[in-house]
Amino acid sequence: AVFAIVLPVADMVVLVLAAESLGHPTDETKNNEKAVQSYAIATMNVARVLKHISMLDVTVMGVVVVCMAGGAYREQGVILELQWGLVPLALAEVAHYAAYYRVAGAFDKYGMKARDPTGSTSAKPLDDAHSVER
């Protein structure tokens, strides 16, 4: 339940914090622009990691696959069926993906790049999908 429920919720909270960090007025960020950018980049890095380790999408697909494959056991008395409770979970994961890519797009628009946690000066893309050469 931790990887399927708690981590996606934590990721959404971090995404809200990351999006909120982009909304500071310019006169407020002039004095401490580096601190605000550092906070924004750090929250987006955390959101990126949480997106990769949250398993709600894997859980939903696992339930679908097990229920579809479970038809072979019906003769033996084991009945596995998909129920309507899976729909809100799937919709929650769609909303999770949409929120992540929306906030990541805003970071790209404002030119904020995630930094390598090892201290390297090379900019690291916010998501693996962006790292493909174009």
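Residues numbered from 1 in each chain as written. Predicted model: local features only at pLDDT ≥ 70, side-chain atom pairs only at ≥ 80, totals over all residues. Heavy atoms only, no water.

Caption draft 1: Summary view of the overall build of the protein chain. Assigned secondary structure in the protein chain consists of five helices and two strands. The order of α-helices and β-strands along the protein chain, N terminus first, is α-α-α-α-α-β-β. By residue count, 26% of the 134 residues in the protein chain fall in the buried class. Accessible area of the protein chain: about 9000 Å², with a carbon and sulfur share of 65%. (Helix = DSSP H or I, 4+ residues; strand = E, 2+ residues; numbered from the N terminus. Buried < 20%, exposed > 50% of the residue type's maximum accessible area, 1.4 Å probe, protein only. Areas by Shrake-Rupley, 256 points an atom, 1.4 Å probe, with all protein chains shown as cover.)

Caption draft 2: Quick look at the environment of A104. Looking at the element boundaries, A104 is found in helix 5 (residues 86–109). Exposure remark for A104: the relative accessible area of 1% places this residue in the buried category. Spatially, the C-alpha atom of A104 lies 8.9 Å from that of A19, the residues being 85 residues apart in sequence.

Caption draft 3: A look at helix 4 (residues 56–69). Spanning 14 residues, helix 4 covers 20 Å between terminal C-alpha atoms, matching the ideal 20 Å at 1.5 Å per step. For helix 4, every residue scored as buried is listed here: L56, V60 and C67. Around the axis of helix 4, the buried residues are gathered within 45° of arc, so they sit on the same side. With respect to the buried face of helix 4, the exposed residues turned more than 90 degrees away are V65 and M68. Looking at the packing, one finds that the buried side of helix 4 touches helix 1 (2–21) and helix 5. (Expected span 1.5 Å × (residues − 1). Arc of directions from axis to C-beta. Contact = heavy atoms within 4.5 Å.)

Caption draft 4: Main features of the nonpolar core. L15, A18, M44, Y100, V103, F107 and M112 are the most contacted members of the largest nonpolar core, which has 15 residues in total. Residue assignment for this core shows that the elements contributing at least two residues are helix 1, helix 3 (33–53) and helix 5. The element contributing the most residues to this core is helix 3, with five residues. (Core = buried A, V, L, I, M, F, W, Y, C linked by side-chain atoms within 4.5 Å.)

Caption draft 5: The packing of helix 1 against helix 5, seen in detail. Between helix 1 and helix 5, whose axes approach to 10 Å, the crossing angle comes to 30°. In terms of orientation, helix 1 lies roughly parallel with respect to helix 5. Pair helix 1 / helix 5 crosses with left-handed handedness. Note on element contacts: helix 5 touches helix 1 through L89, H96, A99, Y100, V103 and F107, opposite I5, P8, D11, M12, L15, A18, A19 and S21. Among the residues forming the contact of helix 1 with helix 5, the class breakdown is 11 nonpolar, two polar and one charged. (Axes fitted to C-alpha atoms, helices over the stretch in contact; angles between N-to-C directions. Parallel < 35°, antiparallel > 145°, perpendicular 65-115°, else oblique. Left-handed = near helix turned anticlockwise from the far one by under 90°. Nonpolar A, V, L, I, M, F, W, Y, C, P; charged D, E, K, R; others polar.)

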